[in-house]
Amino acid sequence: MERSIGMQGLMLILFIQRMQAEASVLFKPSFISDWYPATALNESLSLLIIDHNLREYPVKVDVQVKINEGGKDYIFSGLGSSQRDDDFPDRFGGVIYKYNDQHTQLSFPYERNHFYGSSGLAYTGSDGLYHGSTHILGPYVNGYVRTRVWLASDMSNIVLNTSLYMDNIQNYREISHGLGYYPDLLNVQTLLSNGYMSDGIGVVFISETDFGYNTLAGVLFGYDDTKVRLWVPSNFSTYYKAGGVFAAKDGYKLGYYMEGVVNILAWNIECSQQVFHKTITVGDNIIHDDVIQFPCPYDLSNYLISIQFKAPESETPNGGMLFNAAGTTQAKNGSMYGGIVYVYSENEVMIWRPVNGPVIYIGDRWGNGESKQTSYTADVIIRVYHLPLAECSYPETVGNGTLNVTGVIYGDNITYTCNLGYHHGGGDLFRTCGRDRQWSGIIPACIFNEQMSTNRTSTFLDFEQVRIDKKETSLYKRSLYSAKDNRYSSFVIGLSGVSILIAVLCFFILPDLITVFRHMCCFETIYQSKSLIK
C-alpha cells in the first residue's frame, strides 16, 4: 500500500525523528536484502551471492534463514564458519557465509559422500543431541535466506576496535579491552587472504582429536568486562591440515583458510532500543522454559535478536564470560560439543541445550587446550533490539521549483516540478529512497527560461510602438464594397426583410396618411364653396 501524508504531518514526523536521533545513537542496517530461495542437497544451487553494493566492508552481517514449519515462519541464523563437512553420516545443518565490500556469499550444504539426507539449511538436533522442543527439528532442505548489513556509520558508538593475527599455530589469544563493563555488542571478524571476511563463532560443535581430515575451523570467542579470548583449532597432523580460521568445503563452496587478521569491534547500544531482556539458567538438573514468549509480535525485519550464554562466575578459567549462541547445530555423536542453539519467530524464541553434556565446552584442538572449559550450567541471556526503519534525509528544496514527497523510508518517492517560466536544466525530477538510506539520482535544477522571456518582451514592445491608420484596416476597406449573392437563401432572406420593413412602416405610418388625406379633402371642399359664393 502506498503511503501519502501531508507536508505538515511529514515535517512533524521528521522533526521528532531528528530530535530522537540527536538524543540517541541509532543502530540500524544500511542494507536489507529481499528473501531468496535456498536449497540444500543440490550442488548446482549451493552457492548464492547477494549484492549490497555499499563499497565498504560491513562491521556486522546478519544472515537470516527462514523455514516454514506448520504454517509458521521461523528464523535460524547463518554461521561464520563450518566445523565439519560431509565426511560424517550424522545429521547437521548450516548456511555458511563470508562477505566483502560488494556482496555476501552464502553456501548451502550438499553431499559429495552420498550420505543422502544428512544435511540441510538448519538443524536443531532435538532428536537426541539437544534438549528442547521437538516441534522444530530438521535438517531442513528448503527455505529462504536474506542478509542485513551494518556499516561503521550505522553504529557510531564504538568502544573497542583492535586487530591481531591468528592461524592454526597461533591459535589462542587474549586481549584486555579495559572497559570495566560488558559492551552491549561485540563482533569478531577475520579478514581472509582473498579479501573476504568471515565472522567469529560462539559454540564448539566438534572437538575430537582423532579425525584429522574433517575440516574443523573457525574463530571461537568469548568476553567479559575486562578481556576478550579467542580460540582457533590446530591441525590434527602435518598431513591432515584440518585446522584454521575458516572452512566451507567438502559439501560447501566457500573454501578453506588457515590464517587471517582478526578484528575485534564492540559497541554500546542505547537503552531505548532494547525492548526485551530475559535471563534463564539452563542445565541438566534445572527446570527451565524452552520457549520464551515475547510480550508482543516483533517484525522480523526491524528487530535484532541476540542470544548469548554466560559461564558461571565461580567456574574457571572463563567464569563470567559471554559466548554467542548458534542458529543451527553441526554437532555429532562421539565428539564432545556444547553451546546453545536457538530459533525465533515474531512471537517467541526457542532454545536447545546439549543432552547429558556440558553447555559450555572448549578443549582438545581449540587453542591447543588453552583456557579450556567444561560447564554443565549457564545463564542464557535473550535481548531484542529495535531497529528503526531505514529512512532517507528529508530532500533538499529546489530553487524555482516544487517537490512532492510520499515519505522518507525505503521505497518512497520525490517528484520535482519546475515553476512557470523555468525549465528542467539537469538532475533527476523523480527520485526514490533506497535501502542504503540515500535518494537515487541527483538534485535537479530549474533554470530561468531566457528565450521565453525574450519572446514575451519583444511582443510587448511591438504592440506599443506600432501605429496603424484606421483607413488601412481590412474592416474599413470591406465597408466600401458590396457583393451580389446569387444564393436562393439570400434572396428569400432579403425579400422577407423588405416585407417586414414595409409592414412595420404601414402599421405606424398608414393611420397618419389617412388623416392627412381626409384633411386635404376637407380643405378642397371648403375652397370650392367659397368660390361659388363669390
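Use the structure listed above.
This text gives an overview of the structure that appears in the document.

Here we take up the overall build of the protein chain. Scanning the protein chain from terminus to terminus reveals 4 helices and 34 strands. Buried residues in the protein chain amount to 48% of all 534 residues. Expressed as a percentage of contacts within the protein chain between residues at least 6 apart in sequence, the contacts between residues at least 24 apart total 72%. Accessible surface for the protein chain amounts to roughly 26900 Å². Of this, 55% is attributable to carbon and sulfur atoms.

Turning our attention to the pattern of salt bridges. Under the counting rule described, the total for this entry stands at 8 salt bridges. A salt bridge links glutamate 174 to arginine 229; the shortest N-O distance between them is 2.9 Å. Of this pair, glutamate 174 sits in strand β13 (residues 172-176) while arginine 229 sits in strand β17 (residues 227-231); the two residues are 55 residues apart in sequence, bridging distant segments of the chain. Note on glutamate 174: relative accessible area 43%, which makes it partly exposed. Among the ionic pairs, aspartate 284 bridges to arginine 353, the shortest N-O distance being 3.2 Å. You can see aspartate 284 sitting in the loop between β21 (274-283) and β22 (291-293) and its partner arginine 353 sitting in strand β26 (residues 348-354), a full 69 residues away along the chain.

The next point concerns the packing of aromatic side chains. This model, assessed by the stated rule, comprises 12 aromatic pairs. Ring centres of tryptophan 231 and phenylalanine 323 lie 6.3 Å apart, and the angle between their planes is 35°; this geometry places the pair in the tilted category. With tryptophan 231 in strand β17 and phenylalanine 323 in strand β24 (residues 322-324), this residue pair connects regions lying 92 residues apart in the sequence. Joined through ring pairs, the aromatic side chains of Tyr172, Trp231, Phe309 and Phe323 make up one cluster.

Our next topic: unusual backbone geometry. With an omega of 0°, the peptide bond between glycine 138 and proline 139 qualifies as cis. Relative to the assigned elements, proline 139 resides in the loop between β10 (130-131) and β11 (142-150). With omega at 5°, the peptide bond leading from threonine 316 into proline 317 counts as cis. The residue proline 317 is located in the loop between β23 (303-310) and β24 in this model. Even without being glycine, arginine 55 reaches a positive phi, approximately 55°. Assignment of secondary structure puts arginine 55 in the loop between β3 (47-51) and β4 (60-69).

This part is about a nonpolar patch on the surface. On the surface, Tyr57, Tyr165, Leu191 and Val261 cluster together into a nonpolar patch covering about 290 Å² of accessible area. According to the relative accessible area criterion, tyrosine 165 is partly exposed, its value standing at 30%.

Judged by nonpolar contacts, the single largest core of 103 residues is most densely connected at Leu186, Leu230, Ile264, Phe309, Ile351 and Val380. In this view, valine 380 contacts Lys278, Thr279, Ile280, Val282, Ile307, Gln308, Phe309, Ile340 and Ile351; residues no more than four positions away in its chain are not counted. Formed by 12 residues, the second largest nonpolar core is a distinct cluster that contains Cys392, Val408, Cys418 and Cys433.

Cysteine pairs can be linked by a disulfide, which is a covalent bond between their two sulfur atoms. Applying the stated criterion across every chain, the model contains 2 disulfides. The residue that forms a disulfide with cysteine 392 is cysteine 433, at a sulfur-sulfur distance of 2.1 Å. Residues cysteine 392 and cysteine 433 share a disulfide whose torsion about the S-S bond is about 95°; that sign makes it right-handed. With cysteine 392 in the loop between β29 (377-386) and β30 (401-405) and cysteine 433 in the loop between β33 (430-432) and β34 (446-448), this residue pair connects regions lying 41 residues apart in the sequence. On the accessibility criterion, cysteine 392 (3% relative accessible area) is buried. Put simply, cysteine 418 and cysteine 446 are joined by a disulfide, and their sulfur atoms are 2.1 Å apart. As the torsion about the S-S bond is roughly -85°, the cysteine 418-cysteine 446 disulfide counts as left-handed. Taken as a pair, cysteine 418 in strand β31 (residues 413-418) and cysteine 446 in strand β34 lie far apart in primary sequence, 28 residues in all. On the basis of relative accessibility, which here comes to 10%, the residue cysteine 446 falls in the buried class. Once the disulfide-bonded cysteines of the protein chain are ranked by sequence position, their pairing pattern turns out to be 1-3, 2-4.

Moving on, we come to the environment of glycine 244. With respect to the helices, strands and loops of the structure, glycine 244 is situated in the loop between β17 and β18 (246-248). Separated by 12 residues in the primary sequence, glycine 244 and valine 232 place their C-alpha atoms 6.2 Å from one another. Those residues within four positions of glycine 244 in sequence are excluded, and the remaining contacts are Asn168, Leu216, Ala217, Gly218, Val232, Pro233, Tyr256, Tyr257 and Met258.

Before going further, it helps to examine the side chain of glutamine 64. Of note, glutamine 64 is situated in strand β4. Classification of glutamine 64 by relative accessible area gives buried; the value is 1%. A distance of 3.3 Å separates the side chain of glutamine 64 from the backbone oxygen of leucine 300, its partner in a polar contact. Here the side chain of glutamine 64 touches tyrosine 344 through a polar contact of 3.1 Å, side chain to side chain.

One open sheet holds the 3 strands; their spatial order is β30-β31-β33, and the pairing between them is antiparallel. Each edge of the open sheet is held by one strand with a lone partner, namely β30 and β33. Along the sheet, successive strands turn relative to each other by an average axial angle of 20°, direction set aside. Sheet analysis places β31 next to β33, joined by 3 bridges and oriented antiparallel. Within β33, the position partnered with isoleucine 414 by the bridge is arginine 431.

With that settled, consider the environment of serine 153. Positionally, serine 153 belongs in the loop between β11 and β12 (158-167). What makes serine 153 exposed here is its relative accessible area of 57%.

Here is what the cut-offs are and how they apply
Residues numbered from 1 in each chain as written. Predicted model: local features only at pLDDT ≥ 70, side-chain atom pairs only at ≥ 80, totals over all residues. Heavy atoms only, no water. Helix = DSSP H or I, 4+ residues; strand = E, 2+ residues; numbered from the N terminus. Buried < 20%, exposed > 50% of the residue type's maximum accessible area, 1.4 Å probe, protein only. Contact = heavy atoms within 4.5 Å. Areas by Shrake-Rupley, 256 points an atom, 1.4 Å probe, with all protein chains shown as cover. Salt bridge = Lys/Arg side-chain N within 4 Å of Asp/Glu carboxyl O. Phe/Tyr/Trp six-rings, centres within 6.5 Å; stacked < 30°, edge-to-face > 60°. Patch = residues over 30% accessible without salt bridge, like charges linked within 9 Å, V, L, I, M, F, W, Y side chains within 5 Å. Core = buried A, V, L, I, M, F, W, Y, C linked by side-chain atoms within 4.5 Å. Disulfide = S-S within 2.5 Å. Polar contact = N/O pair within 3.5 Å; in protein donor to acceptor, adjacent residues only side chain to side chain. Pairing = 2+ DSSP bridges. Axes fitted to C-alpha atoms, helices over the stretch in contact; angles between N-to-C directions.

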